[in-house]
Structures are given as C-alpha cells and as structure tokens.
Amino acid sequence: MTSFVSVISLLLSFSLAIFSDAASFQKFPVPGKRSGPEAFAFDSTGKGFYTGVSGGKIFKYLPGKGFVDFGYITVSSKSQWCDGALGIAYMSKCGRPAGIAFNNKTGELYVADAPLGLHVIPSGGGYAKKIADRADGKSFLFLDGLDVDPTTGVVYFTSFSSKFSPGDVLKAVASKDASGKLFKYDPSKRVVTVLLEGLSGSAGCAVSSDGSFVLVSQFTKSNIKRYWIKGSKAGTSEDFTNAVSNPDNIKRIGSSGNFWVASVVNTATGPTNPSAVKINSDGRVLQTISVKDKFGDTLVSEVNEFEGRLYVGTLSGPFAGIIDL
Ligand SMILES: *[C@@H]1O[C@H](CO)[C@@H](O)[C@H](O)[C@H]1NC(C)=O
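Please read these numbers as outputs of a predicted model, since none were measured by experiment.

Caption draft 1: Quick look at the overall build of the chain. Looking only at helices and strands, the chain features 5 helices and 27 strands. Compactness check: the chain gives a C-alpha radius of gyration of 20 Å against a globular reference of 20 Å for 325 residues, within 12% of the reference. By principal-axis analysis of the C-alpha atoms, the chain measures approximately 80 × 50 × 40 Å. Within the span of the chain, comprising 325 residues, buried residues form 54% of the whole. By sequence separation, contacts in the chain at least 24 residues apart represent 45% of the contacts at least 6 residues apart. In the structure as shown, the chain presents an accessible area of about 14,300 Å², 56% of it carried by carbon and sulfur atoms. Side chains of the chain carry 34 positive and 27 negative charges; the gap between the two charge centres is 3 Å.

Caption draft 2: The environment of I323, seen in detail. Mapping I323 onto the fold places it in strand β27 (residues 319-324). Measuring from C-alpha to C-alpha, the distance between I323 and N242 comes to 26 Å, with 81 residues separating the pair along the chain. Beyond its immediate stretch of four places on either side in the chain, I323 contacts S24, F25, V291, K294, G308, R309, L310 and V312.

Caption draft 3: Region of the structure containing the UniProt feature "domain: Strictosidine synthase conserved region" (unreviewed entry) in the chain. Residues given the UniProt feature "domain: Strictosidine synthase conserved region" (unreviewed entry) here are residues 144-231. Secondary structure over residues 144-231 splits into 7% helix and 47% strand, and the C-alpha atoms at its two ends are 27 Å apart.

Caption draft 4: Representation of a nonpolar patch on the surface within the structure. On the surface, a cluster of nonpolar side chains totalling about 300 Å² of accessible area is made up of W81, L86 and Y90. Inspection of the secondary structure puts L86 in helix α2 (residues 84-89).

Caption draft 5: Molecular detail of the site of the ligand. Lining the immediate environment of the ligand, one finds F42, D43, F102, N104, V148, P150, R252 and F306. Between R252 and the ligand, the recorded distance is 3.1 Å, taken from a side-chain N or O atom to an oxygen atom. Looking at the shell around the ligand residue by residue, the classes come out as 5 nonpolar, 1 polar and 2 charged.

Caption draft 6: Spatial organisation of the packing of aromatic side chains. In the structure shown here, the tally under the stated rule is 25 aromatic pairs. The interplanar angle of 85° and the centroid separation of 4.8 Å between the aromatic rings of F28 and Y61 together place this pair among those described as edge-to-face. Here the residue F28 occupies a position in strand β1 (residues 25-29), and Y61 occupies one in strand β4 (residues 57-62), the gap between them amounting to 33 residues. The exposure class of Y61 is buried, given its relative accessible area of 18%. Ring centres of F49 and Y61 lie 5.2 Å apart, and the angle between their planes is 15°; this geometry places the pair in the stacked category.

Caption draft 7: Quick look at the pairing of strand β6 (residues 97-103). Burial runs high along β6: 7 of the 7 residues are buried. Between β6 and strand β7 (residues 108-113), which pair antiparallel in sequence order, lie 4 residues; one of them, G107, sits at a positive phi of approximately 80°.

Caption draft 8: Structural context of the sheet that holds β6. Ordered in space as β6-β7-β8-β10, the 4 strands form an open sheet in which the pairing is antiparallel. A single partner strand is all that each edge strand has here, and the edge strands are β6 and β10 (129-132). Taken pair by pair, the neighbouring strands of this sheet meet at an average axis angle of 30°, ignoring direction. Note that β6 and β7 share 5 bridges and pair antiparallel. Looking at the pairing, P97 lines up with D113 of β7.

Criteria and cut-off values
Residues numbered from 1 in each chain as written. Predicted model: local features only at pLDDT ≥ 70, side-chain atom pairs only at ≥ 80, totals over all residues. Heavy atoms only, no water. Helix = DSSP H or I, 4+ residues; strand = E, 2+ residues; numbered from the N terminus. Rg over C-alpha atoms; globule rule 2.2 N^0.38 Å. Buried < 20%, exposed > 50% of the residue type's maximum accessible area, 1.4 Å probe, protein only. Contact = heavy atoms within 4.5 Å. Areas by Shrake-Rupley, 256 points an atom, 1.4 Å probe, with all protein chains shown as cover. Lys, Arg positive; Asp, Glu negative; His and termini not counted. Charge placed at Lys NZ, Arg CZ, Asp CG, Glu CD. UniProt positions renumbered as here; feature names shortened; annotations may be inferred. Patch = residues over 30% accessible without salt bridge, like charges linked within 9 Å, V, L, I, M, F, W, Y side chains within 5 Å. Salt bridge = Lys/Arg side-chain N within 4 Å of Asp/Glu carboxyl O. Near = heavy atom within 4 Å. Polar contact = N/O pair within 3.5 Å; in protein donor to acceptor, adjacent residues only side chain to side chain. Nonpolar A, V, L, I, M, F, W, Y, C, P; charged D, E, K, R; others polar. Phe/Tyr/Trp six-rings, centres within 6.5 Å; stacked < 30°, edge-to-face > 60°. Pairing = 2+ DSSP bridges. Axes fitted to C-alpha atoms, helices over the stretch in contact; angles between N-to-C directions.

Below, the structure written as structure tokens:
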C-alpha cells in the first residue's frame, strides 16, 4: 500500500515537473525567413518586446497580435530580398541589428548594426537614420553591443573587432583578435568618442543603473571589464570579473544593481553549455541558469529580464525564448 501510494505520488510529481517546465518556457519563432533574435528592448508601455533579426529588420512583439514590423536599417531591409540566406550573405546591403536599447525619454531606439554602424530609429518606428559608421576616421567594421545610460541618455556601444567583419566572427575568435573597442555617443554633442581599445571580442556592454560605470564583455578572453564614467576613477578601467565563461551581452536588471550575462563555453568545435549568469555590482556570480535543454549548443547572445521573465536570444537560431523566473 505504502509503495503504491509512493509510486502514485512519484508519478504525480514527475508529471507536475514536466507540466511546470512546459508552462515556464515559451518559444517565439521569428516570422518569415528571418532568424537570430540577437538582443531585446522594452518600452515604457510594459507590453511586448522588440528584437532585431537577420536581414536588417526590427520586430515588435505584441501579446495577442504577434510579431509586427517596427524598424528597418536600410531601404532593402524591408524587402523579401533580405529574407533568409541572402539577407545573411548580403549583410552589408540589408543590415544586421545587434545591440538595441531605447532612450526612454525620447522613445528613440538606438541600434548597433553589425556591418553598417550606429543607427537610431525614431519613436514609433520606421527607417533607421545612420548616426556614424566610423570614429577618428576609422571604420567601426563590426559593431555588437549597445546600451543607453538611463541617467543621461548617452549611448555606449562596442565593436567586436576592428580587423574582422561580422562574417568572419569565427576567425576573429580563433585568432584571439584583440582589436575590439568601446565607444560612446553623446546625442547632445553629436560626437562619437573611443573609450577603450585592444578588447578581445567586446560583444556587449551595460551601464549601471546609477550611471557610474559601464561593463564591457570580452568574449574571447572570458573577461568583463569595468569602465568608470563618474567619480574619482572616471575615465579609467579595470578587470571586473573572470568568473563568466565567454560572456556575450550584459543587461542590467532594473535598478537592482545586478546584471544578467549570456554565457557559453566556447570550444574548437563551437559553443556548448549556453547559460544565463547573474552577477552583482562587485562581479560576484549570484545565480546560473542552464538553457542547454531549451536551446541545445547554440550561441545564446543575450539574457534580458523584464517583469519577472527572462528573454533569451541567439545569434542565428529560429526563435526567441522566454523563461518565467
Ligand atoms: C527603458 O524602459 C524599459 C522598460 O521599463 C527598460 O527595460 C529599459 O532598460 C529602459 N531603457 C534604459 C536605457 O534604461
């Protein structure tokens, strides 16, 4: 009798576990022949999300309505010509939005487009306006991460490499390229400034909620650096943590002082063990969530928390994933 009851309860808890797992993870397939929802942004309405995909498009997802077009990097981005494999092959014609973030005061969406440079999409959507594709006379070549300082509206963004273009990302990593940079764009002065050079796969950046520093990841070196914006150390940088393997995008978690980092373990045959790593403002790891069961061994590019849910993006996969925390 006891064993019968325990078998029943075991079965029950097992099916509950399956059920709760299914309920806590949702897949959002990217429409058309587009792919790679690499990064996310949220607006002040608190509904839905924005994500940039292959072929130069930015979609807005509205609950009950699904994905709708929001923005285009180039005139071609809108066309079917930029769908699928062609859109990926002709990245420099279609665009490829990487890091995205809103200036919540103006409603503008800033975009680090990998091949085409820093852009801004007007409030409400439409075609992007190019702000810059070079600094100090040198082409960005391969932009990646982006954040907007929530206290000043200054835009921080990174180039993964100044020698390899986005199509050669694997070569950049294999050769341990260290020509990545951290930039800032001040919209009030309309000037792009180089803040850091010699970075090794600077994939992502995030400003702290109080605007005192910006973190920048070094994917190839498994390191995160901190660049001080304010205070006595302003203008200097230091190692922040080596505790996160192959960090990609970094996202601040509201005003908690903590950040989510997308992480993989990069091997000669490709990335494995994609996970979401939560760190605090001292660089200490607070939590690690493996997403391998949901994404396999793909390059998870961003984990971004919004209203109790974790949005998970990938560089080339067919869907975005949302995990209830
Ligand atoms: C803008 O607001 C959204 C939604 O509250 C938030 O997720 C995002 O981090 C804000 N952007 C900036 C740059 O602070």
